[in-house]
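If you want the building blocks of each chain, they are given just below.
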Amino acid sequence: MGRGVFLASPGVIGEPLEADRFTHLLADMAAAARPGRWAEAGKAIMTTDTYPKYATATVELGGVEVTINGIAKGAGMIAPDMATMLSFIATDAPLAAPVLQALLAKGVGKTFNAVTVDSDTSTSDTLMLFATGVAARRGAPTIADASDPRLAGFRRALNRILRSLALQVVKDGEGARKFVEVRVEGAKSARSAKRIALSIANSPLVKTAIAGEDANWGRVVMAVGKAGEPADRDRLSIWFGDNRLAHEGERDPSYSEERTSAYMKQDHIVIRAELGIGRGRATVYTCDLTKDYVAINGDYRS
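Residues numbered from 1 in each chain as written. Predicted model: local features only at pLDDT ≥ 70, side-chain atom pairs only at ≥ 80, totals over all residues. Heavy atoms only, no water.

(A) Quick look at the nonpolar core. Among the nonpolar cores identified, the biggest contains 39 residues, and Val 66, Ile 89, Leu 95, Leu 151, Phe 154 and Leu 158 are the most heavily contacted of them. No other element matches the 10 residues that helix H4 (residues 152-171) contributes to this core. Core analysis: the next-biggest nonpolar cluster, separate from the first, contains 31 residues, Val 182, Leu 198, Ile 210 and Leu 245 among them. (Core = buried A, V, L, I, M, F, W, Y, C linked by side-chain atoms within 4.5 Å. Buried < 20%, exposed > 50% of the residue type's maximum accessible area, 1.4 Å probe, protein only. Helix = DSSP H or I, 4+ residues; strand = E, 2+ residues; numbered from the N terminus.)

Written out as structure tokens, the structure reads:
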């Protein structure tokens, strides 16, 4: 089996990588490897992160228990497709490289490519999935076809890992205090719904309103409109949690400012836009935009 080194680097774009800081460690790295060092690796890749990101799962493959471990780094410059994030996932399952690629390509759509902190991406995003195949020694079957039915449980477990890591990244958004779930329903198509959801999630006005705990549903309407996707004002309904703020393009007659303002103080905010023109739906995850985000990025290089 051939060996290779994959480079993954965050940091300031354009700054030269000082390779001599780590190249002397490569020769003995494989021989010196020890189990249980995921925690160290998760901490080593942090930059503006406030905590390391981990996820793990065990699942049966052909009647044999296999493990999936993952780490991730990311807090700013986060938006689809990928972003300034690094994520490394490994399994002892004996899966061929094309199978890993197929599983990963399918799994990122509703996970890593459904989160946004600030709408900015980078030159350095990396997501890698490795299989050591060690579980074959315990009788795990070698899988070379991504449609193999024996992969069903592994696929679900991998998707849980991807989702967990992706949500940990967005919850640790630079300066973030609130985790925001944006749901769009009743759009013309799923693709249209996701574009509208991203428009809402990436809107500075929506995000600062959430930071200020202001139930300003007009900013959500604005974000729906600027997405450039099919929408009808007179069919639009806006929800913040269980509170319907707007219905059929107008303020809901039963809207309660007091109840909705109380909801906005929560750490987890759900915004739902119902377009009423189709069956497309999508969910995107984001965070609020605070003064701390400006401070972190204003001082990033100093």
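Once you've had a look at it, read on.
(B) Main features of the sheet that holds strand E10 (residues 280-287). Taken together, 6 strands build an open sheet; the order of strands is E8-E7-E6-E9-E5-E10 and the sheet is mixed. In the strand order of this sheet, the two ends are held by strand E8 (250-251) and E10, each with one partner. As paired elements, strand E7 (residues 243-247) and E8 share 2 bridges and run antiparallel to each other. Paired with Ala 246 across the strands is Arg 251, a residue of E8. Strand contacts of H4: strand E5 (179-187) and E10, with the helix running at about 50° to E10, the strand carrying the most contacts. Strands E5, strand E9 (268-274) and E10 of the sheet are contacted by helix H6 (residues 204-211), whose axis makes an angle of about 140° with E9. (Pairing = 2+ DSSP bridges. Contact = heavy atoms within 4.5 Å. Axes fitted to C-alpha atoms, helices over the stretch in contact; angles between N-to-C directions.)

(C) Highlighting the pattern of salt bridges. Applying the stated criterion across every chain yields a total of 14 salt bridges. Among the salt bridges present, the one from Glu 185 reaches Arg 272, with a minimum N-O distance of 3.6 Å. A residue pair is termed long-range when its members are at least 10 positions apart, and Glu 185 in strand E5 and Arg 272 in strand E9 qualify at 87 residues. The buried category is assigned to Glu 185, whose relative accessible area is 17%. (Salt bridge = Lys/Arg side-chain N within 4 Å of Asp/Glu carboxyl O.)

(D) Examining the environment of Ala 33 more closely. Examined against the element boundaries, Ala 33 turns out to sit in the loop between helix H1 (29-32) and helix H2 (38-44). Residue classification places Ala 33 among the partly exposed positions, given a relative accessible area of 47%. For Ala 33 and Val 182, which are 149 residues apart along the polypeptide, the C-alpha to C-alpha distance reads 42 Å.

(E) Examining the environment of Arg 244 more closely. Inspection of the secondary structure assignment puts Arg 244 in strand E7. In contact with Arg 244, other than residues within four places in its own chain, are Ile 238, Trp 239, Asp 252 and Tyr 255. A distance of 3.3 Å separates polar atoms of two side chains, one belonging to Arg 244 and the other to His 247. A distance of 2.4 Å separates the side chain of Arg 244 from the side chain of Asp 252, its partner in a polar contact. (Polar contact = N/O pair within 3.5 Å; in protein donor to acceptor, adjacent residues only side chain to side chain.)

(F) Layout of the pairing of strand E3 (residues 86-91). When you tally the buried positions in E3, you get 6 out of 6 residues, the bulk of the element. Burial along E3 is two-sided: Leu 86, Phe 88 and Ala 90 and Ser 87, Ile 89 and Thr 91, pointing in opposite directions, are all buried. Where strand E2 (residues 64-73) and E3 come together, 6 bridges link them in antiparallel fashion. Of the residues in E3, the one forming a bridge with Ile 71 is Phe 88. Alignment of E3 against strand E4 (residues 126-131), held across 6 bridges, turns out to be parallel. Counterpart to Leu 86 in the pairing with E4 is Thr 126.

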